[in-house]
Amino acid sequence: MSAQNHVTLILPDWLIPIVPSGFFHQEGIAIQGDRIVDKGSHEELRHRYPAATVTRLPGHVLLPGLINIHTHAAMTLLRGLADDLPLMIWLQQHIWPAEGRFVAPDFVAMGTRLAIVEMLQGGTTCFNDMYFFPDAAIAMAQEMGMRMVAGHVIIDFPTTYTRNAEDALRLAEEQIARFAKVPMLRQTVAPHAPYSVANGALQEAAAIARQSGLPIHMHVHETAAEVRDALQRDNRRPLRRLADLGVLGPDFLAIHMTQLDEEDLALCREYKIAIGHCPESNLKLGSGIAPVARLLEQGQRLGIGTDGAASNNDLDMLSELRTAALLAKGRDQDPTAFPAQQVLRAATLGAAEALGWDQEIGSLEPGKAADCIAIDLDRPASTPVYDPISQVVYCASRDQVQEVWVGGRRKIYRGQALEWQIPEVVAEAHLWAQRIRKEAKQ
Ligand SMILES: [Zn+2]
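Residues numbered from 1 in each chain as written. Predicted model: local features only at pLDDT ≥ 70, side-chain atom pairs only at ≥ 80, totals over all residues.

A.B. asks: An account of the overall build of the protein chain is requested, with residue identities and associated values reported.
C.D. replies: What the protein chain contains, in helices and strands, is 15 helices and 17 strands. Here the C-alpha atoms of the protein chain give a radius of gyration of 21 Å, agreeing with the 22 Å that 2.2 N^0.38 yields for 442 residues. Along the longest, intermediate and shortest principal axes, the C-alpha atoms of the protein chain span 65 × 45 × 40 Å. Taken over 442 residues, the protein chain has a buried fraction of 51%. (Helix = DSSP H or I, 4+ residues; strand = E, 2+ residues; numbered from the N terminus. Rg over C-alpha atoms; globule rule 2.2 N^0.38 Å. Buried ≥ 20, exposed ≤ 12 C-beta atoms within 10 Å, placed from the backbone.)

A.B. asks: So what's going on with the environment of threonine 125? Residues and values would help.
C.D. replies: Its location among the elements puts threonine 125 in strand E7 (residues 124–130). Each C-alpha atom of the pair threonine 125 and leucine 418 lies 15 Å from the other, and the pair is 293 residues apart in sequence. Dropping the residues within four chain positions of it, threonine 125 is found in contact with Gly65, Leu66, Arg147, Asp371, Ile373, Val404 and Val406. (Contact = placed C-beta atoms within 7 Å.)

A.B. asks: Go over the packing of helix H3 (residues 105–121) against helix H4 (residues 134–144), please, and point to the residues and values.
C.D. replies: H4 packs onto H3 with a crossing angle of 40° between their chain directions and a minimal axis gap of 8 Å. The angle between H3 and H4 falls in the class oblique. Judged by the sense of rotation from one axis to the other, the crossing of H3 with H4 is right-handed. Contacts from Pro105, Val108, Ala109, Thr112, Arg113 and Ile116 of H3 reach H4 at Ala136, Ala137, Ala139, Met140, Ala141 and Met144. A per-class count over the contact of H3 with H4 returns 10 nonpolar, one polar and one charged. (Axes fitted to C-alpha atoms, helices over the stretch in contact; angles between N-to-C directions. Parallel < 35°, antiparallel > 145°, perpendicular 65-115°, else oblique. Left-handed = near helix turned anticlockwise from the far one by under 90°. Nonpolar A, V, L, I, M, F, W, Y, C, P; charged D, E, K, R; others polar.)

A.B. asks: Which residues make up unusual backbone geometry, and what values go with them?
C.D. replies: At the junction of valine 19 and proline 20, the peptide bond is cis and its omega measures out at -5° in the coordinates. Structurally, the position occupied by proline 20 is in the loop between strand E1 (7–15) and strand E2 (24–25). With an omega dihedral of -5°, the bond running from threonine 383 to proline 384 counts as a cis peptide bond. With phi around 70°, aspartate 307 is a residue other than glycine that occupies positive phi space. Position of aspartate 307 among the secondary structure elements: in the loop between strand E13 (302–304) and helix H12 (317–332).

A.B. asks: Quick rundown of the domain arrangement of the protein chain? Include the residues and the values.
C.D. replies: Parsing the protein chain into structural domains produces domain 1 (7–65 + 362–407) and domain 2 (66–354). In this complex, domain 1 contributes 23 residues to the contact, which on the side of domain 2 involves 27 residues. At the level of secondary structure, the elements contributing two or more residues to the side of domain 1 that touches domain 2 comprise strand E14 (372–376), helix H14 (388–394) and strand E15 (401–406). The element best represented in the side of domain 1 that touches domain 2 is H14, accounting for five residues. Among the residues forming the side of domain 1 that touches domain 2, the class breakdown is 14 nonpolar, seven polar and two charged. (Domains from an automatic or database assignment.)

A.B. asks: So what's going on with the nonpolar core? Which residues, and what values?
C.D. replies: In this structure, Ala137, Ile154, Leu321 and Ala347 are the most contacted members of the largest nonpolar core, which totals 132 residues. Looking at this core, the element that brings in the most residues is H3, giving nine residues. Composition of this core by domain shows at least three residues from each of domain 1 (7–65 + 362–407) and domain 2 (66–354). Non-local contacts of leucine 321, meaning those with residues more than four positions away in its chain, are made with Ile304, Val343, Leu344, Ala347 and Val393. (Core = buried A, V, L, I, M, F, W, Y, C linked by C-beta atoms within 7 Å.)

A.B. asks: Hey, could you go over helix H5 (residues 165–178) for me, with residue numbers and the actual values?
C.D. replies: The terminal C-alpha atoms of H5 lie 20 Å apart, and with 14 residues this matches the ideal 20 Å at 1.5 Å per residue to within 8%. Taken as a whole, H5 has its buried residues at Ala165, Ala168, Leu169, Ala172 and Ile176. Here the buried residues of H5 occupy an arc of 100° about the axis, which is enough to place them on one side. Every exposed residue of H5 that faces more than 90 degrees away from the buried side is listed here: Glu174, Ala177 and Arg178. (Expected span 1.5 Å × (residues − 1). Arc of directions from axis to C-beta.)

A.B. asks: Got a sec to walk through the packing of H5 against helix H6 (residues 199–212)? Specific residues and values, please.
C.D. replies: Packing of H5 against H6 leaves a shortest axis separation of 10 Å and a crossing angle of 5°. Classified by the angle between their axes, H5 and H6 sit roughly parallel to one another. Contact residues: H5 offers Ala165, Leu169, Ala172, Glu173 and Ile176, while H6 offers Ala201, Glu204, Ala205, Ile208 and Ser212. Broken down by class, the residue content of the contact of H5 with H6 amounts to seven nonpolar, one polar and two charged.

A.B. asks: Describe the environment of isoleucine 116, naming the residues involved and giving the relevant values.
C.D. replies: Positionally, isoleucine 116 belongs in helix H3. The spacing of isoleucine 116 and alanine 73 is 43 residues in sequence and 7.8 Å in space, taken between C-alpha atoms. Every residue in contact with isoleucine 116, bar those within four places of it in the chain, is listed here: Met140, Ala141, Met144 and Met146.

A.B. asks: Please give an account of the pairing of strand E5 (residues 53–64) that cites residues and values.
C.D. replies: Here seven bridges tie E1 to E5, and the two strands are oriented parallel to one another. Bridge pairing links tryptophan 14 to valine 61 in E5. Across five bridges, the pairing between E5 and E14 is antiparallel. Each bridged residue has a counterpart across the sheet, and for valine 61 the counterpart in E14 is isoleucine 375. (Pairing = 2+ DSSP bridges.)

A.B. asks: I'd like a description of the pairing of strand E16 (residues 409–413), backed by residues and values.
C.D. replies: In this sheet, E16 lies alongside E15 in antiparallel orientation, the contact comprising three bridges. What sits directly across from valine 406, in E16, is arginine 409. Counting the residues between successive antiparallel strands, the hairpin from E15 to E16 contains two residues, one of them, glycine 407, with a positive phi of roughly 50°. With two bridges connecting them, E16 and strand E17 (residues 416–417) associate as antiparallel partners.

A.B. asks: Please set out the environment of leucine 120 residue by residue, giving values where relevant.
C.D. replies: Counting through the fold element by element, leucine 120 comes out in helix H3. Along the backbone, leucine 120 and valine 406 are 286 residues apart, and their C-alpha atoms lie at a distance of 9.1 Å.

In structure tokens form, the structure reads like this:
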């Protein structure tokens, strides 16, 4: 029997398939090649597939791999370079100058490699990225077998990647065509933010996205200052301007959205846009808090993300889930806001829906890609287990993620990477940091 035909049963103590909602005791899945082919009780599955390889996971809960809805993966190399500063000072005086000096394909490859190792170890199996030299990040994700959504950044001002928006638009078109048929990869057109892309380029970015059937991925209403400056400049809030320009639609993914008035909320509803919620980055930069419960109530698709490691400072989705849950309750002074099941759904199927990839990923259902993770709940900090969903969102930490499969391939086994030497990845990143530290002082 070839490896492609061989069935593997994954039999955890609890299954959280997302669809249907809830958790299921003593149920598991069967995978074959890169797909989930069956689901059922341990007994049923063993009976149906007597020749299968069995991965028994006592004390573990199995769920879909987490999807990080917003990253700048390569920024792991700038983690902790500058903290505790307002967004614009942080960007203009620290991050953009460092990027201007160092960002090149080798930086992006190394930073993305470090990010992928960190993400996989923490149970993330897909990331929606936005960064310069996406071709270098794509090559790394492919090499490591990681599922990725690559954003082609459009920005007016010169970077080490593009000279201006026109240049960025042409390059985006070229690369979208070049990577159109790569497996485990989707793409977006990613205009950086309303304040960094002019009207013409924004409309052209939207046109390219729509011609290619890709989502538009953009930072929107991140801070109060962004909205205030826009009002001063052209008397419109940024979301209104995007609506007027014809950029908003169901294929538009707005990241952050911490500053929303009633008119903004109505625009979200009218254009059925998707939302990317990055609570820890928003907290750390003092940006504000997105009204998540309200957005979900009005039917918006919503995912959860870490943002880049320079503003978080980790890519830890489990901790992001807990922060998202607590923050929604604190913001609304309502303990029923954003319950654990809804939080977990946002980090899996919600994100897949926001990215237009929900036919393939986001839940453990036969026919979907075998992207799944097992978390060991048999630890003092998560004992006893009355409700594994509650344990995953409110107790579990990423060191409890023990098993990770992406597209049917086992990437993490008993907490350790199967295909790379993690100390080597860390050592390489240290070498980069030495260079950055030395040159940043000059
Ligand atoms: Zn961001």
